[in-house]
Amino acid sequence: MADLDWLIYGGTVILPTGAAHVDLGVRNGIIECLLAPGAGGSARRRYDASGRFVIPGGVDAHVHFENPSMGTETAHSFRLGTEAALLGGTTTIIDFAFQSEGESLLEAIERRRRDAAKQVACDFSLHGCLTSPDERSINEIPEAASLGIPSVKFFMTYRQEGWAVSDDQLLTAMRHLAEAGGIALVHAENDELLRTGIEKCIARGDTGPGGHARSRPPLIEAEAIQRAVLYARESGCDLFIVHVSSRAGVEAVEMGQGRGSVVLAETCPHYLAFDDSVLDGPEGHRYVMSPPLRPAGNPGALWRALASGVLSSVGSDDAAYFEKFKVRGKNDFRKIANGVPGVQIRMPLVFSDGVLKRRISIERFVEICCASPAKTFGLYPRKGVIDVGSDADIVVIDAHATWQPDLAHMQTNIEYTLYEHVQITGIPTDVWRRGELVVQNGVLDVVPGSGEFVARHRTERHSTIDDVAF
Ligand code: URP
Ligand code: ZN
Ligand code: ZN
């Protein structure tokens, strides 16, 4: 038999069954075999992972690279964002195909796919994003699913951006998506309540970054989640709530789970790392995103929900903006571009603050950062798992190494990082993407455009129409 391309030996490998001492044989970009420690196998290259964890490449199902928004565009290009992803241990990202003026769902997907393919360093897919769910676009949902894109995002707010859909549009689209075996991602905030909340804050002079958070308290998120859950029940559509920020949001998700419905949800690194006290600091504008950061105690509730399974994954919601698009709203939060970077910090932060601080196990870390997003969005078992036949997307983590995520150590073009005062322990040192060593000892070595589009399969539909409730 021909030599293996790689033998990765000596590490503690996190398999679906738990941590195990096995060696990995890689050939032609695929994990070819799991071997007993030291069993050998002749390989062209060997990697000694002794004393370190070996996990599947991360899957970040929520990023926004070069995405037009807020009168500008997010700062991370597909190239930079996917390089940052690899350095942070993520080997597959899913971005979005927002419709632009007059564009149908499929046209938006084609355009974004072309733009991404030229530049991406890691593998990628796209979610459709229906901001104008006209008949043509709705009718294209089955074809998008056949092309490997069985997920569509909807915004319940951002009316001024032209992204919000009405309740009727959301419910109608979810019915079609359910027929196609797809899953709806929903940004859940009550648009009317938050608009009146903004007016009230501005009227009383609460106009700084903290006012942004006070204008949209947790009720605004929790109410919208409950509404989305009801539409999911009524339509039989699988539902994924993006960026859950609050304890009330978690409770709304939990209430929606069961009863024949698939209701899944993620949170994001920034909600786990910070509370709203940072908004009153001199750089508060940099920490503005929607939904906003919440009061002290909230990160603990999110960690508990990740540990218990109510929240199933962590997505970065990477939406980086140059300082000028943040600081312009320092005294009028309505002008702050909403969104923060996060694609590189996602896995190191969850490992450091989650696993090493004993909030979650290493197995749960792999589930929420790799396996679960892959399962939810139809990438599993090609991605998100170390198993025979899976893509050889492999990450080695040194649990003792420390990392200061200051600007000098981040792959970014913006002028700041939110995490420079956060000490990270446990970093991805080496990363393989489909069998190619693209990060070696923390140094990137990858050709832009060498990432591949990954066609996703339809999620195995579990949701049923809840005819008891209706
Ligand atoms: O403020 C945020 N989260 N910006 C990114 C776009 C979104 O809503 O996901
Ligand atoms: Zn959103
Ligand atoms: Zn987002």
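Treat the numbers as computed from the prediction; the structure is a model and nothing was measured.

Colleague: Can you explain the environment of alanine 75? Please cite residues and give values.
Modeller: Position of alanine 75 relative to the elements: it lies in the loop between strand S10 (72-73) and helix H1 (78-87). Under the relative-accessibility criterion, alanine 75 is labelled buried at 10%. Along the sequence, alanine 75 and proline 341 sit 266 residues apart, while their C-alpha atoms lie 9.3 Å from each other. Contacts of alanine 75, omitting those with residues within four sequence positions, involve Ala320, Tyr321, Phe322, Asn413 and Ile414.

Colleague: Describe the coordination of the zinc ion (ligand 2), and please don't skip the residues or the numbers.
Modeller: Ligation of the zinc ion (ligand 2) by protein atoms is provided by His187 (ND1) and His243 (NE2), these donors lying 2.1 Å from the ion. One way to put it: the four donor atoms around the zinc ion (ligand 2) meet at angles of 56 to 149°, and that makes the site irregular. Taken as a pair, the zinc ion (ligand 2) and the zinc ion (ligand 3) lie 4.0 Å from each other. Here histidine 187, found in strand S14 (residues 183-187), pairs with histidine 243, found in the loop between strand S15 (238-241) and helix H9 (247-256); they are 56 residues apart in sequence, far enough to count as distant. By the burial criterion, histidine 187 is buried, and histidine 243 matches it.

Colleague: Before we move on, could you go through the coordination of the zinc ion (ligand 3) and cite the residues and values that matter?
Modeller: The protein atoms that coordinate the zinc ion (ligand 3) are His62 (NE2), His64 (NE2) and Asp317 (OD), at distances of 1.9 to 2.1 Å. If you look at the zinc ion (ligand 3), its four donor atoms make angles of 87 to 133° with each other, and the shape they trace is tetrahedral. On the primary sequence, the residues serving as donors to the zinc ion (ligand 3) are separated as H-x1-H-x252-D.

Colleague: How would you summarise the site of ligand 1 if you had to cite specific residues and measurements?
Modeller: His64, His187, Ser290, Asp317 and Asn338 are the nearest of the 13 residues found near ligand 1. A distance of 2.8 Å is found between an oxygen atom of ligand 1 and a backbone nitrogen or oxygen belonging to serine 290. The contact in question runs from an oxygen atom of ligand 1 to an N or O atom on the backbone of glycine 339, over 3.5 Å. Burial of ligand 1 by the surrounding chains reaches 97%, relative to a free accessible area of 270 Å². Residue composition of the shell around ligand 1, grouped by class: four nonpolar, seven polar and two charged.

Colleague: Help me get a handle on the packing of aromatic side chains, residues and values and all.
Modeller: With the rule as written, the count across this model stands at 15 aromatic pairs. Both rings, one in tyrosine 47 and one in tryptophan 432, keep their centres 5.0 Å apart while their planes meet at 85°; by these two values the pair is edge-to-face. Here tyrosine 47, found in strand S6 (residues 43-48), pairs with tryptophan 432, found in strand S19 (residues 424-433); they are 385 residues apart in sequence, far enough to count as distant. Here the two residues tyrosine 47 and tryptophan 432 agree in accessibility, since each one is buried. For the pair phenylalanine 65 and phenylalanine 78, a centre-to-centre distance of 6.3 Å together with 90° between the ring planes defines the contact as edge-to-face. Of this pair, phenylalanine 65 sits in the loop between strand S8 (58-60) and strand S9 (68-69) while phenylalanine 78 sits in helix H1; the two residues are 13 residues apart in sequence, bridging distant segments of the chain. The class of phenylalanine 78 is buried, set by a relative accessible area of 0%. Taking the ring centre of phenylalanine 96 as reference, the NZ or CZ of lysine 153 above it sits at 4.7 Å.

Colleague: An account of the state of the cysteines is requested, with residue identities and associated values reported.
Modeller: For the structure shown, the criterion picks out zero disulfides. For the unlinked cysteine cysteine 122, the closest cysteine sulfur is that of cysteine 370, found at 13 Å. Cysteine 370 supplies the cysteine sulfur nearest to cysteine 369, a cysteine that is in no disulfide, at a spacing of 5.9 Å. The exposure class of cysteine 369 is buried, given its relative accessible area of 0%.

Colleague: Go over the sheet that holds strand S4 (residues 23-27) with me, naming the residues and quoting the values.
Modeller: Read across the open sheet, the four strands follow the order S5-S4-S1-S6; overall the sheet is mixed. Only two strands of the sheet have a single neighbouring strand rather than two, namely strand S5 (30-35) and S6. Sheet twist, expressed as the mean angle between neighbouring strand axes with direction ignored, is 20°. Direction of pairing for S4 relative to S5: antiparallel, over a ladder of five bridges. Bridge pairing in S5 links aspartate 23 to leucine 35.

Colleague: For helix H13 (residues 346-355), give the residues involved together with the corresponding values.
Modeller: Of all ten residues in H13, ten are buried, a share of seventy percent or more. Taken together, the buried positions of H13 are occupied by Arg346, Met347, Pro348, Leu349, Val350, Phe351, Ser352, Asp353, Gly354 and Val355.

Colleague: Talk me through the environment of valine 13; I want residue IDs and the actual numbers.
Modeller: Within the secondary structure, valine 13 is located in strand S2 (residues 12-15). Along the chain, valine 13 and glutamate 452 lie 439 residues apart, while their C-alpha atoms are 25 Å from each other. For valine 13, the residues in contact, after removing those within four places along its chain, are Gly18, Ala19, Ala20, Val22, Leu24, Val54 and Ile386.

Colleague: Which residues make up the packing of H13 against helix H14 (residues 362-376), and what values go with them?
Modeller: The relative placement of two packed helices comes down to the angle between their axes together with the axis-to-axis distance. Their axes nearest at 10 Å, the elements H13 and H14 cross at an angle of 150°. Classified by the angle between their axes, H13 and H14 sit roughly antiparallel to one another. Where H13 crosses over H14, the handedness of that crossing is right-handed. Facing Arg346, Met347, Val350, Phe351 and Val355 of H13, the residues of H14 in contact are Ile362, Phe365, Ile368, Cys369 and Cys370.

So, how was this worked out
- Along every chain, residues carry numbers that run from 1 in the direction the sequence is written.
- Chains carry letters from A onward and ligands carry numbers from 1 onward, assigned in written order.
- Only residues with pLDDT of at least 70 get local features here, since the model is predicted, and only at 80 or more are side-chain atom pairs given and counted; chain-wide, interface and lining totals rely on the full set of residues.
- Hydrogen atoms and water are omitted, and side-chain values are computed over all heavy atoms in the structure.
- Secondary structure elements are defined from DSSP: runs of H or I of at least 4 residues count as helices, runs of E of at least 2 residues count as strands, and each element is numbered from the N terminus.
- Exposure classes here rest on a 1.4 Å probe applied to the protein chains alone. A residue is buried below 20% of its type maximum, exposed above 50%, and partly exposed in between.
- Should any heavy atoms of two residues lie within 4.5 Å, those residues are counted as being in contact.
- Only nitrogen, oxygen and sulfur atoms qualify as donors, and only when within 2.8 Å of the metal (3.2 Å in the case of Na, K and Ca); with water excluded, sites may look incomplete.
- Key to geometry: four donors with every angle between 85 and 135 degrees are tetrahedral; four donors are square planar and six octahedral where opposite donors lie over 155 degrees apart and all remaining angles lie between 65 and 115; all other sites are irregular.
- Here, proximity means that at least one heavy atom of the residue falls within 4 Å of the molecule or strand.
- For the purposes of these results, a polar contact is taken to be a pair of N or O atoms within 3.5 Å, where, inside protein, one atom must be able to donate a hydrogen and its partner to accept one; residues adjacent in sequence count only when each atom of the pair is a side-chain atom.
- The method behind every accessible area is Shrake-Rupley, applied with a 1.4 Å probe, and residues are considered shielded solely by the protein chains displayed.
- Put simply, Ala, Val, Leu, Ile, Met, Phe, Trp, Tyr, Cys and Pro go in the nonpolar bin, Asp, Glu, Lys and Arg in the charged bin, and everything else, Gly too, in the polar bin.
- Aromatic pairs are defined between Phe, Tyr and Trp rings, using the six-membered ring for Trp, whenever the two ring centres lie within 6.5 Å; interplanar angles under 30 degrees are classed as stacked, those over 60 as edge-to-face, and all others as tilted.
- Look at NZ for Lys and CZ for Arg. If either is within 6 Å of the ring centre and within 35 degrees of the ring normal, a charge sits over the ring.
- In what follows, a disulfide is any cysteine sulfur pair within 2.5 Å.
- Two strands make a pair as long as DSSP finds a minimum of two bridges between them.
- Where helices are involved, their axes are fitted lines through C-alpha atoms of the stretch in contact, as for all axes, and angles between N-to-C directions lie from 0 to 180°.
- Should an angle fall under 35 degrees it is taken as roughly parallel, and over 145 as roughly antiparallel, whereas 65 to 115 is taken as roughly perpendicular and any remaining angle as oblique.
- A crossing counts as left-handed when the near helix is turned anticlockwise from the far one by less than a right angle, and as right-handed when that turn is clockwise.

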